[in-house]
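Each chain, letter by letter, is given below.
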Amino acid sequence: MSLWLTQEAMRRSLRSCIFSVKYCSSIAAISGKNSCSSKQRLAHIRGTRQINSWRLSSLKSSVRFHSQDANLGSEETNFGPTPVAESLVLDEIHHPLGQSQRGSPFFELLLHCGSPSDVLDLSQQHPPTPQQLSNCLTHMWASIKKMSDEQRRCELQLMFEHPAFDQLLQNVMANVGSMQCEDMAYSLLAMVNLGVPQRSRVVQLYLRACQEKLNDFDEKSLSILASCLAHMESTPNVDALKHGLRLVVEEHLPRIKNVVALQTVMRLLGKDMSLDLKRKLEQKALSMIERFTLPNAQYMISTMAKMGFYSKPLLDICSQRITDNLHGVPFNRLLKVLLACRELRYRDFSLLTGISDYIASTFDIWSQKEVVLFLSVFESLAFCPTPLMAAFAQRVITNPDTLSLKDLLCVLNVYASLNYCVQHNREQFLQSLSKTLDFYLPRISSYELLKACSCLCLLGHFPSLPLEKLLQGITLEELSSRAMYPRRQEQMFQTVHLCLHLDQPVLPRPLSVPATMLGEVTSSGPPVNQHLLQLLRRLLSDQADVALQEMVVVENFHFIDGVITKLGANQTPSEETQAQRMAVLCPPSSAFCFGTSQPRGLLAVKLRHLEILGYIPIMITEQELKSEEKATQLLTARIFPERPAPCMTISI
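Read on for a plain summary of the structure. (Residues numbered from 1 in each chain as written. Predicted model: local features only at pLDDT ≥ 70, side-chain atom pairs only at ≥ 80, totals over all residues. Heavy atoms only, no water.)

## Describing the overall build of the chain
Inference 1: Looking only at helices and strands, the chain features 31 helices and 4 strands.
Inference 2: For the chain, buried positions account for 50% of its 652 residues.
Inference 3: Within the chain, contacts between residues separated by at least 24 positions form 74% of all contacts whose residues are at least 6 apart in sequence.
Inference 4: For the chain, the accessible surface area stands at approximately 31900 Å², while carbon and sulfur atoms represent 53% of it. (Helix = DSSP H or I, 4+ residues; strand = E, 2+ residues; numbered from the N terminus. Buried < 20%, exposed > 50% of the residue type's maximum accessible area, 1.4 Å probe, protein only. Contact = heavy atoms within 4.5 Å. Areas by Shrake-Rupley, 256 points an atom, 1.4 Å probe, with all protein chains shown as cover.)

## Observations concerning the pattern of salt bridges
Inference 1: Applying the stated rule across the entire model yields 15 salt bridges.
Inference 2: Of the charged contacts, one joins Lys-280 and Asp-276 as a salt bridge, the two residues approaching to 3.6 Å between their closest N and O atoms. Of this pair, Lys-280 and Asp-276 both sit in helix α15 (residues 275-287), 4 residues apart, roughly one helical turn.
Inference 3: Look at Asp-276 and you get partly exposed, because its relative accessible area is 46%.
Inference 4: For the salt bridge of Lys-312 with Asp-316, the shortest nitrogen-to-oxygen distance reads 2.8 Å. Residue Lys-312 and its partner Asp-316 are both found in helix α17 (residues 312-323); the two are separated by 4 residues, about one turn of the helix.
Inference 5: Exposure remark for Lys-312: the relative accessible area of 44% places this residue in the partly exposed category. (Salt bridge = Lys/Arg side-chain N within 4 Å of Asp/Glu carboxyl O.)

## A closer look at the side chain of His-461
Inference 1: By secondary structure assignment, the location of His-461 is in the loop between α24 (446-458) and α25 (464-470).
Inference 2: Within the structure, the side chain of His-461 is placed 2.8 Å from the side chain of Ser-434, a separation counted as a polar contact. (Polar contact = N/O pair within 3.5 Å; in protein donor to acceptor, adjacent residues only side chain to side chain.)

## Some details on helix α19 (residues 349-361)
Inference 1: Here α19 spans 18 Å end to end across 13 residues, near enough to the 18 Å set by a 1.5 Å rise per residue.
Inference 2: Every buried residue of α19 is listed here: Leu-351, Leu-352, Gly-354, Ile-355, Ser-356, Tyr-358, Ile-359 and Ala-360.
Inference 3: Check the buried side of α19 and you find it contacts α17, α18 (331-344), α20 (368-380) and α21 (386-398). (Expected span 1.5 Å × (residues − 1).)

## A closer look at empty space enclosed by the protein
Over the atoms rolls a probe the size of a water molecule, and in doing so it shows where empty space is left.
Inference 1: Per the counting criterion, the structure on display carries 1 cavity of 30 Å³ or more.
Inference 2: Taken as a whole, the largest cavity encloses approximately 40 Å³ of empty space.
Inference 3: Every residue along the wall of the largest cavity is listed here: Tyr-415, Tyr-420, Cys-421, Val-422, Arg-426, Phe-429, Leu-430 and Leu-459.
Inference 4: Here the lining of the largest cavity is built from residues that sort into 7 nonpolar, no polar and 1 charged. (1 Å grid on protein atoms, 1.4 Å probe; cavity = no way out; pocket = protein on both sides within 12 Å on 5 of 7 lines; lining within 4 Å. Points joined across faces, edges and corners; volume = space filled by probe spheres on them. Nonpolar A, V, L, I, M, F, W, Y, C, P; charged D, E, K, R; others polar.)

## Examining the packing of α20 against helix α22 (residues 405-417)
Any two packed helices are characterised by how steeply their axes cross, that is the angle between the axes, and by the distance between the axes.
Inference 1: Orientation of α20 relative to α22, taken along the N-to-C sense of each, is 35°, at an axis distance of 10 Å. Crossing hand, α20 versus α22: left-handed. Where α20 abuts α22, its residues Gln-368, Lys-369, Val-372, Leu-375, Ser-376 and Glu-379 lie against Asp-407, Cys-410, Val-411, Asn-413, Val-414 and Ser-417.
Inference 2: A class-by-class count of the residues in the contact of α20 with α22 yields 5 nonpolar, 4 polar and 3 charged. (Axes fitted to C-alpha atoms, helices over the stretch in contact; angles between N-to-C directions. Left-handed = near helix turned anticlockwise from the far one by under 90°.)

## Concerning the sheet that holds strand β1 (residues 546-554)
Picture the strands of a sheet paired through backbone hydrogen bonds; they go either parallel or antiparallel.
Inference 1: Spatially, 4 strands are ordered β1-β2-β3-β4 in an open sheet, and the strand pairing comes out mixed. If you trace the sheet from one side to the other, it starts and ends with β1 and β4 (615-619), each paired once. Strand-to-strand twist of the sheet, defined as the mean angle between neighbouring strand axes without regard to direction, takes the value 30°.
Inference 2: Inspection of the sheet shows β1 paired to strand β2 (residues 558-566) by 8 bridges, in the antiparallel sense. Bridging across to β2, Val-552 finds its partner in Ile-560. (Pairing = 2+ DSSP bridges.)

## Describing the environment of Leu-511
Inference 1: As for its placement among the helices and strands, Leu-511 is situated in the loop between α27 (486-502) and α28 (530-540).
Inference 2: For the pair Leu-511 and Gln-472, spaced 39 residues apart in sequence, the C-alpha separation works out to 10.0 Å.
Inference 3: Not counting chain neighbours up to four residues away, the residues in contact with Leu-511 comprise Leu-467, Glu-468, Leu-471 and Leu-500.

## Structural notes on the pairing of β4
Inference 1: The pairing of strand β3 (residues 580-585) with β4 spans 5 bridges and is parallel. Opposite Met-582, over in β4, you have Ile-616 as the bridge partner.
Inference 2: Traced from β3 through helix α29 (residues 601-612) to β4, the parallel crossover comes out right-handed. (Right-handed = clockwise from strand over helix to strand, strands pointing away.)

## A word on the packing of aromatic side chains
Inference 1: Under the counting rule described, the total for this entry stands at 12 aromatic pairs.
Inference 2: Ring geometry for Tyr-358 and Trp-366: centres 6.1 Å apart, planes at 80°, overall edge-to-face. The exposure classification of Tyr-358 matches that of Trp-366, with both residues buried.
Inference 3: Put simply, the rings of Phe-331, Tyr-358, Trp-366 and Phe-374 touch in pairs and so form one group of aromatic residues. (Phe/Tyr/Trp six-rings, centres within 6.5 Å; stacked < 30°, edge-to-face > 60°.)

## Thoughts on the nonpolar core
Inference 1: Core analysis: the largest hydrophobic core is formed by 166 residues, its most contacted members being Phe-392, Tyr-415, Phe-429 and Phe-493.
Inference 2: The element best represented in this core is helix α10 (residues 181-194), accounting for 10 residues.
Inference 3: Beyond its immediate stretch of four places on either side in the chain, Phe-429 contacts Ala-393, Val-396, Ile-397, Val-411, Tyr-415 and Val-422. (Core = buried A, V, L, I, M, F, W, Y, C linked by side-chain atoms within 4.5 Å.)

## Notes on the packing of helix α13 (residues 236-252) against helix α14 (residues 259-269)
Inference 1: Two elements in contact, α13 and α14, have axes whose closest approach is 10 Å; the angle formed by their N-to-C orientations is 135°. Between α13 and α14, the angle falls in the class oblique. Where α13 crosses over α14, the handedness of that crossing is left-handed. Across from Lys-242, Leu-245, Arg-246 and Val-249 in α13, the residues of α14 making contact are Val-265, Leu-268 and Leu-269. (Parallel < 35°, antiparallel > 145°, perpendicular 65-115°, else oblique.)

## Here's the deal with the environment of Phe-160
Inference 1: Locating Phe-160 in the fold gives a position in helix α8 (residues 149-161).
Inference 2: Phe-160 sits in the buried class, given a relative accessible area of 1%.
Inference 3: Sequence separation of Phe-160 and Val-196 is 36 residues, and the distance between their C-alpha atoms is 8.9 Å.

Dropping the structure here:
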């Protein structure tokens, strides 16, 4: 009794404080720890008798009965909703009102409630029926969903401390057996979204009731239940219900006709489902493809990423649908599509080009943060959005001071990685970036400074102040003692060293990277393409004035598959100063920007340095080597450009 009186007093005093704080100052969410004993954890219940007996026993106590366990004395409630991911499914879930309910006085009053407290006041004046209980909970969540975080915290705390909230949840528990499946699913979803503790008696009771009636759930009820379970923490009841849902979905799959319901279930089942079930879901989605709206197509790509399932036919169709309807698509949906493509390692040139061109054509409506995020994702896909990068470069030239340090580092990485060369204002663009970097020098970390200088060196730009600070003893000592990524750090120092050594920029004073920061120099390069070497040997076997060197490493850094030295008339191999040297390279496809022959950062600087060293770079891709005849023709044309091209023979 004393426990009840103490808690009641605390509740009333806290409620009075909240009312004053709501209108005077901001409130802080109350968080606490829930003590629970392993013996008091709720076991998995199967069967109507067990659920009913547990429900009746739960109704005996009216004091914080929705706590996590029976140990109520040490329980404090965390007043805040469970984080629910924004999704197409949750946006489309609304509790429907039956024809008989639309004109009833209760529902007319419910529609005018603007907060959970209003709904609770209404429930005191007009006790709701079982279906009205479900609508009350759903309306309580809908009323705060679009509030600001501060207002939502305040309303939720008022809700938890409202004297009618306990009574409402008691009624919800008492009427669980008489609820329809859809109302049961809506009630569970609303309670979880409102922040009722997931291990509480009421939530666990509904999880068990859903297990009992799972076979009676239709596709809409399954969709609602799936969207709820997707955001719940793992408990025995949640895991058992997810397992049962997998079995029911496989059985009901032919009867699912709603695209949103299908996608919700696909997301819930996730990566753990069998490959056979993933194939069945893929075929079901393909059979419904004509019903896909634009949001359905966008959501399907992120759904496949959630499943960890790569379906090229489905991805291609959805990509085409998005590409054809890009106008007006909001930022978050475009970004989610690109992030899902990155996770799936799926790249469609038309989709990426369409999105980048659309952003470039509507450039003024996007904030700088949004554009930087787009550029970062494009870079991770190895795609060079040329019009977008040109537009952003012009914005940087006009307003370089708007770049934050984080944005600056991201922009440097993107432009260096994609080897984008600003056509008309290259020096202005690089100078703007350098001045912004100079501004952040007093507070930039040593590792961030190394990344920035490495990117600028890849771009062929050498600002003196950042380089001088990087190569100071105190900075080098800090990097040596706190190397987070030693190998990556050594590679960046090697890039800076080579660029300073070979590009020979004009600086106020000579700068060089200490040998101790370069790491171990390895003379062996990556595995050479044996097929390429065989072609070169065969092609040059009858050439007396041509010499071939295989697997050459220059400057202890750049690896060359083969060096061809073409001697002039009456020249010997020792007289290579006047000889023509060609560096044959076979870079992987990842060394080029997707869909183009434009080399990316490291390959671009390698070509630049080889030209400085007097080599003529000759590149042949792995794709071109797949056809021996085509590869031979390409190599012949590039090594011996003075020879006439082979004529095509046409047989009639």
